[in-house]
Amino acid sequence: MARTMARIVRAETPHTGWCTRDHRCGVDEHRSADFTADDIGGRAWLTRVRAGNQEYIEIRARIPLHSNEKASRWQLATALNLMRDLLAEVAPRLGRLSNRDQRAVGRRAA
Ligand SMILES: [Zn+2]
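The rules behind the values
- Residues numbered from 1 in each chain as written.
- Predicted model: local features only at pLDDT ≥ 70, side-chain atom pairs only at ≥ 80, totals over all residues.
- Heavy atoms only, no water.
- Helix = DSSP H or I, 4+ residues; strand = E, 2+ residues; numbered from the N terminus.
- Buried < 20%, exposed > 50% of the residue type's maximum accessible area, 1.4 Å probe, protein only.
- Contact = heavy atoms within 4.5 Å.
- Donors = N, O, S within 2.8 Å, 3.2 Å for Na, K, Ca; no water.
- Tetrahedral: all angles 85-135°; square planar, octahedral: opposite > 155°, others 65-115°.

Engineer: I tried to follow the side chain of H30 on my own but got confused; where do I start?
Structural biologist: Among the structural elements, H30 can be located in strand β1 (residues 29–31). The exposure class assigned to H30 is buried, which follows from its relative accessible area of 1%. In contact with H30, not counting residues within four places along its chain, are T13, P14, H15, T16, W18, C19, C25, R48, V49 and R50.

Given below as structure tokens:
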């Protein structure tokens, strides 16, 4: 019931400069085309998403697992650890960009 009510009161938000402006967008969620990395033995997709006033990266990956159970468990544990590293590196602690991040943003804007 509460979920239904939340849907009814969703405010429509305008398309962005980077969203696909097609069926991938919703009333209050806008999605970019996928960015794909697939030349490295697996495949990963990144999508830029804006939901309401918050933008985020959505990440999906398909990584072949080794047929050996011990090796596949190592792959799973390694993937999880690297995802933690990824989050630690790029997830914003809002308003606290490091000096290195600020330099990188400045280079891209120039
Ligand atoms: Zn859109």
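Having seen the structure, we can now continue with the description.
Engineer: Please clarify how the coordination of the zinc ion should be interpreted in this entry.
Structural biologist: For a metal with four tetrahedral donors the ideal donor-metal-donor angle is 109.5 degrees, while six octahedral donors give ideal angles of 90 or 180 degrees. Surrounding the zinc ion are the protein donor atoms H15 (ND1), C19 (SG), C25 (SG) and H30 (ND1), which sit 2.1 to 2.4 Å from the metal. Coordination geometry of the zinc ion: the 4 donor atoms subtend angles of 102 to 121° at the metal centre, consistent with an arrangement described as tetrahedral. Each donor residue of the zinc ion lies on the same chain, and together they follow the pattern H-x3-C-x5-C-x4-H. The same class applies to C19 as to C25, namely buried.

Taken by themselves, the reported measurements are silent on function.
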